[in-house]
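Breakdown of the fold
Okay, here's what each chain looks like letter by letter:
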Amino acid sequence: MAPVLVLCLAMSLSGTWAVDKGNFKTCDQSAFCKRQRALKPGDSPYRALLETMELTNTRLTLQLINDNNKVRLLLELYRLQGNITRVKINELKPLKPRFEVPDVLIREPSTEPLSLLSQDENGVVLSLGAESQRVIISARPFRLDIMEGPEVLMSLNSRGLLAFEHLRMRKDTFSYKVTSTVASVWDNIKRLFSSQAEPEGEKKEEEEADPANQAEKEEEEKIDGMWEETFKSHSDSKPNGPSAISLDFSLPGVEHVYGIPEHADTLRLKTTDNGDPYRLYNLDVFQYELYNPMALYGAVPVMLAHQAQRTTGIFWLNAAETWVDISSNTAGKTVFGKMLDYVQGSSETPQTDVRWISESGIIDVFLMLGPTPKDVFSQYASLTGTQSFPPLSAVGYHQCRWNYNDQEDVASVDAGFDEHDIPYDYIWLDIEHTDGKRYFTWDPHKFATPKEMLQALDDKKRKMVAIVDPHIKVDSNYKIHNEIRNKGFYIKNKDGGDYEGWCWPGSAGYPDFTRPDMRDWWASMFAYDQYEGTMENLYTWNDMNEPSVFNGPEVTMHKDAVHGPWEHRDVHNLYGLYVQMATAEGQIQRSGGVERPFVLTRAFFAGSQRYGAVWTGDNAAEWDHLKMSIPMCLSLGLVGISFCGADVGGFFKSPSTELLVRWYQTGAYQPFFRAHAHLDTPRREPWLFGPENTALIREVVRQRYTLLPYWYQQFYHAYRTGDPIMRPLWVEYPQDPATFALDDEFLIGKDLLVHPVTEEGARGVTAYLPGKDQVWFDVHTFQKHNGAQSLYIPVTMSSIPVFQRGGSIIPRKIRVRRSSSCMMHDPYTLYVALNLQRTAEGELYIDDGHTFNYEKKEFIHRKLSFAKNVLSSVNLALDAEFSTGSWIERIVILGASKPSKVTLQTADGPESQLEFDFDASMSVLTLRKPGMNAGLDWNVMLQ
């Protein structure tokens, strides 16, 4: 297909730059979702066969039986370290193995002992150890409750919506007829010899279990979509038949649930009773619609539930298409209605009910029992890992568009940043830099000498990112295609041939990244002698890895495509994770394991945080898309993916100057900071909108660079703990209901609060400052404000409402240079914001900024504290060793009193007196040039 024709096909999917919802299924159009959603709450057909229970030191197993069809399931229950309970349900004797998700858990979770507390004919009670936690398994119908003391934390199948479609043979096939005939003959022989000895009850049970006697099974076969399904012009052959699973969870006391990204919706998840469930199915959605539960590019099947006393989480480990229904007994009630309930003594406890529905696989769910938000983050990180620790440069500013035309264009843009004194670290190349959309190549005319281009950037300590997508042009003269085909590494179609679809190169094959040998080969292609023209300062962008198939069903791959023994329907949501995994490994290998990778991905799954960054995809230059970038990144942070950002300015359409400036001001305070634009939009480098707007953009980009020490410290903390970097206020103020639904402001770490201006023509914003006994300082004016209030803040075009928490110490580097690497050895300024007790704490983390040597304890990690008029720096990592040339050039203390004298005491020098200035009107004390090395112990004393 000619490139122009491919572009036309791609654009036809988007209409006039707006999503065509007709390209994507609703629940009613997804046969398994419609089938499962038709089941209504009520008595469950499943009961627990308590006589089959086996309890070892590490797990409990027992069988469940569906009394309608007599199919048996195996329940496994584990108590895991860190206050996590794991529940697995599979067929006891499946016709063939069912898919269980590999490679997402970082290790097999460590178990803790279970003990039996009591048992009778109605159920069993097990101890979960800590704090009187118990699991109660009720037999008829099957139900599982987790309790702590008298409180129910979570219930499974309390609404009776457990469903498990067992694998079966299709009745109109020859093999089924032969099998059923042989079985029938054998059953008659058995009856002949055993009828007189067989008790009546057992005989009846066997007759009921005989498929020939089950009328409802005959009816099942007639339901549309069980054995084949059509959507638009696409057919899904479903060779394994129906295989869907479903389970409901009840959360007493909970009104607020979060997570299950990716959706362009509010941070707090909405109830779905009157619409579609939230869908998790990685899809290439052009200019997505907002406030919609439609699936987008990534899927993380993790939900957090929060109320003032407790936070819990549910991790549904399933990579197939999944739908999540949410209902609540308080949904739709007004504040007045809730107050009336309270006054009238209404006894109804708030409750949220959640139902997960997946097309295939097994039920494998991790119940993370908190009790605090940070406990849940730690619990999830213990399962899937933490955010990868990026090179410092990746935390800087990234300049991108589809596409920079050639090497001269790259050099011109690079020079433009210097001319206008705007720092940046990475310039990006989209698909047009390749030789005819052949990845791992360069256009021989436009990018004829890529090493010269990269060297010119490296001379300025800057870097480049080039796109490498996972669809491979079918071309017998293309080395990458030939190797993949010859090694048999392509995904297969249902008939056994190589799967082909249309994407940017035209006809394309799709490597099977579920294969470890394929991932190993892909990683090897990033070696400098394989990927010609590359250098150490070239990094990678994986786009279109849902995977995107322009002429496929829902713009993705056919579900009956084949990955070895599995169908694509089983593994779909894993594909993007595997692509990023293999690419990151390639970057690590090319440096001999020395250098940290940087890989951006569009598609993702649970565990993707281990491999790099994500962005929110093909947004639009609209104010609502700017607003939506905040809850979208907050949702990702809650489920482990901290390195998130949105295309600054919007990918589609052209932003007004006001919108562009406001987007820079927002993006500069989000973890991944990249401007990007569509091929058909006018150029929008930061200096193209007049001197006044250039100055506004320059100022906010420079603010980003001054805060790099704090950002980098937050990334290190996320890597060590799993805590989100950009976080909702309720994470730090979990007992303040006023924070529970806020998603127009956020915290960076725990010490900076940001309320971006996201309304056109805004003259002011109202920010909620949390904390009853807290104070907050405006970082621009040093004005002090009390917490637990909604503060109206007048704004101009230069305003970015940002506040530092009283009680914190934040390091900055005030000398901004052309890139982060140029600032490595520059001095620090410490901003000490005192709380009402006149104390403050913070940290300072320093390493080489780019290698894995921090894993060898080559870093500086210091605790900064102010108490009793002494500011001190002490070593937090006594076993670590690293030296820095950076020093402390200024200390600014907010909320201070004027001292009579300030002295400095270092470990290896005499006490010396420091110069200071005091602004009495703002209570700001500034200590100039104290001069101590940032890596050493010291005390500054105010007298």
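Above: the structure in question.
Residues numbered from 1 in each chain as written. Predicted model: local features only at pLDDT ≥ 70, side-chain atom pairs only at ≥ 80, totals over all residues. Heavy atoms only, no water.

Of regular secondary structure, the chain possesses 18 helices and 53 strands. Relative to the 2.2 N^0.38 estimate, which gives 30 Å for 943 residues, the radius of gyration of the chain is 30 Å and therefore close to what a compact globule would have. Residues counted as buried form 61% of the 943 residues belonging to the chain. Once local pairs closer than 6 in sequence are excluded, the contacts in the chain between residues at least 24 apart make up 72%. Carbon and sulfur atoms make up 50% of the accessible area of the chain, which amounts to about 35100 Å² in all. The distance from the centre of the 96 positive side-chain charges to the centre of the 125 negative ones in the chain is 2 Å. (Helix = DSSP H or I, 4+ residues; strand = E, 2+ residues; numbered from the N terminus. Rg over C-alpha atoms; globule rule 2.2 N^0.38 Å. Buried < 20%, exposed > 50% of the residue type's maximum accessible area, 1.4 Å probe, protein only. Contact = heavy atoms within 4.5 Å. Areas by Shrake-Rupley, 256 points an atom, 1.4 Å probe, with all protein chains shown as cover. Lys, Arg positive; Asp, Glu negative; His and termini not counted. Charge placed at Lys NZ, Arg CZ, Asp CG, Glu CD.)

What follows covers the side chain of H398. Along the polypeptide, H398 turns up in strand β21 (residues 397–399). Judged by its relative accessible area of 0%, H398 is buried. Filtering out sequence-adjacent residues up to four positions away, H398 remains in contact with S393, Y426, W428, F598, F672, F673, R674 and A675.

Another point: the nonpolar core. F315, W522, F598, Y664 and Y669 are the most contacted members of the largest nonpolar core, which totals 178 residues. The contact partners of Y669, leaving out residues within four places of it in the chain, are V700, Q703, R704, L707, W711, F746, I748, V754, I800 and V802. Ranked by size, the runner-up nonpolar core spans 50 residues in total, among them I89, F164, F249 and L369. (Core = buried A, V, L, I, M, F, W, Y, C linked by side-chain atoms within 4.5 Å.)

Let's shift gears to helix α13 (residues 575–590). An ideal rise of 1.5 Å per residue puts 22 Å on 16 residues; α13 measures up with 23 Å between its terminal C-alpha atoms. Burial analysis of α13 places 14 of its 16 residues in the buried class, which makes it a mostly covered element. Backbone geometry just after α13 places G592 at a positive phi near 70°. (Expected span 1.5 Å × (residues − 1).)

Moving on to the state of the cysteines. Going through the model one piece at a time under the given rule, you end up with 2 disulfides. Paired by a disulfide, C27 and C33 hold their sulfur atoms 2.0 Å apart. Since a negative S-S torsion denotes a left-handed disulfide, the C27-C33 link at about -95° is left-handed. Taking relative accessible area as the criterion, C27 reaches 1% and is therefore assigned buried. Covalent S-S linkage joins C633 and C644, the inter-sulfur distance amounting to 2.1 Å. Across the S-S bond linking C633 and C644, the dihedral sits near -75°, which makes this disulfide left-handed. Taken together, the residues C633 in helix α14 (residues 623–638) and C644 in strand β32 (residues 644–645) connect sequence positions 11 residues apart. Overall, C633 belongs to the buried group, its relative accessible area being 2%. If the cysteines joined by disulfides in the chain are listed in sequence order, their pairing comes out as 1-2, 3-4. C400 takes part in no disulfide bond, and the closest cysteine sulfur, belonging to C644, lies 16 Å away. (Disulfide = S-S within 2.5 Å.)

What follows deals with the sheet that holds strand β35 (residues 726–727). Pairing between the strands of a sheet comes from backbone hydrogen bonds, and it takes one of two forms, parallel or antiparallel. Across the sheet, 6 strands lie side by side as β35-β36-β37-β42-β39-β40; this open sheet has antiparallel pairing. Of all strands in the sheet, those bounded by a partner on one side alone are β35 and β40 (784–786). Looking at chain direction, strand β39 (residues 775–778) and strand β42 (residues 802–805) are connected through 3 bridges and run antiparallel. Bridging across to β42, W776 finds its partner in R805. Against the sheet, helix α17 (residues 708–721) touches β35, β36 (746–748) and β37 (752–754), its axis set at about 90° to β36. (Pairing = 2+ DSSP bridges. Axes fitted to C-alpha atoms, helices over the stretch in contact; angles between N-to-C directions.)

What follows covers the packing of helix α16 (residues 691–706) against α17. At a minimum axis separation of 5 Å, α16 and α17 run at an interaxial angle of 55°. Considering the angle they form, α16 stands oblique to α17. Across the interface between the two elements, R704, Y705 and T706 from α16 touch L708, P709 and W711 from α17. Its residues placed into classes, the contact of α16 with α17 shows 4 nonpolar, 1 polar and 1 charged. (Parallel < 35°, antiparallel > 145°, perpendicular 65-115°, else oblique. Nonpolar A, V, L, I, M, F, W, Y, C, P; charged D, E, K, R; others polar.)

Mapped onto the elements, S132 comes out in the loop between β6 (123–127) and β7 (133–138). Placed 118 residues apart in sequence, S132 and S250 show a C-alpha to C-alpha distance of 20 Å. Beyond its immediate chain neighbours, meaning those up to four positions away, S132 contacts M147, E148 and G149.

Buried within helix α10 (residues 479–486) we find I480, H481, N482 and I484. Buried residues belonging to α10 abut β24 (472–473) and α11 (516–524). G488, located one to two residues past α10, shows a positive phi value of around 70°.

Counted according to the given criterion, the structure contains 51 aromatic pairs. Aromatic pair F643 and F672: ring centres 5.8 Å apart, planes at 90°, arrangement edge-to-face. Taken together, the residues span a long stretch of sequence, with F643 in the loop between α14 and β32 and F672 in the loop between α15 (657–667) and β34 (673–675) at a distance of 29 residues. Accessibility classification places F643 together with F672 in one group, the buried group. (Phe/Tyr/Trp six-rings, centres within 6.5 Å; stacked < 30°, edge-to-face > 60°.)

This part covers unusual backbone geometry. Cis geometry marks the peptide bond from R140 to P141, where omega comes out at -10°. Summarising the element assignment, P141 is placed in the loop between β7 and β8 (143–148). Within the chain, K857 stands out as a residue other than glycine whose phi angle is a positive 70°. Inspection of the secondary structure assignment puts K857 in the loop between β45 (840–846) and β46 (860–867).

On to the pattern of salt bridges. Applying the stated criterion across every chain yields a total of 59 salt bridges. Where R86 meets E108, a salt bridge forms, and the shortest distance between an N and an O atom there is 3.3 Å. Here R86, found in strand β4 (residues 84–91), pairs with E108, found in the loop between β4 and β5 (115–120); they are 22 residues apart in sequence, far enough to count as distant. For R86, a relative accessible area of 6% translates into the label buried. K494 is the salt-bridge partner of D495, the closest N and O atoms lying 3.8 Å from each other. A cluster of three or more residues bridged by salt bridges with shared partners is formed by D236, R279, E321, E359, E554, K559, E567 and R569. (Salt bridge = Lys/Arg side-chain N within 4 Å of Asp/Glu carboxyl O.)

Attention now moves to the pairing of strand β1 (residues 46–55). Within β1, 7 of the 10 residues are buried, leaving the element largely enclosed by the surrounding structure. In this structure, β1 lies alongside strand β2 (residues 59–66), joined through 6 bridges in antiparallel fashion. The partner of L55 across the bridge, within β2, is L60. Following β1, the chain reverses through 3 residues before pairing antiparallel with β2.

This brings us to the pairing of strand β25 (residues 500–503). The side-chain alternation of β25 yields one buried face, formed by G501 and C503, and one unburied face, formed by E500 and W502. Judged from the 4 bridges that link them, β25 and strand β26 (residues 506–509) form a sheet pairing that is antiparallel. By the bridge assignment for β26, C503 is matched with G506. The hairpin formed by β25 and β26 contains 2 residues between the paired strands.

This next bit is on the sheet that holds strand β3 (residues 72–80). The 8 strands are arranged β1-β2-β3-β4-β20-β17-β16-β14 in an open sheet whose pairing can be described as antiparallel. In the strand order of this sheet, the two ends are held by β1 and β14 (256–259), each with one partner. Taking the axes of each pair of neighbouring strands and ignoring which way they run, one obtains an average angle of 20° across the sheet. Relative to strand β20 (residues 363–368), strand β17 (residues 310–316) is paired through 4 bridges, and the arrangement is antiparallel. Considered in β20, the bridge of W316 is made with V365. Running over the sheet, helix α7 (residues 373–384) touches β3, β4, β16 (302–307), β17 and β20 and is turned about 25° from β17.

Another aspect to go through is the packing of α15 against α16. The contact between α15 and α16 brings their axes to 9 Å, and the two run at 10°. Compared by their axis directions, α15 and α16 come out roughly parallel. Side by side, α15 and α16 meet where T657, L660, V661, Y664, Q665 and G667 of the first sit next to N693, L696, I697, V700, V701 and R704 of the second. The class makeup of the residues in the contact of α15 with α16 is 7 nonpolar, 4 polar and 1 charged.

Here D543 is to be found in the loop between β27 (538–542) and β28 (562–563). By relative accessible area, D543 is classed as buried at 8%. When the C-alpha positions of D543 and A603 are compared, they lie 7.5 Å apart, and in sequence the two are 60 residues distant. Excluding residues within four positions of it along the chain, D543 makes contact with I467, V468, D469, P470, R602 and W615.

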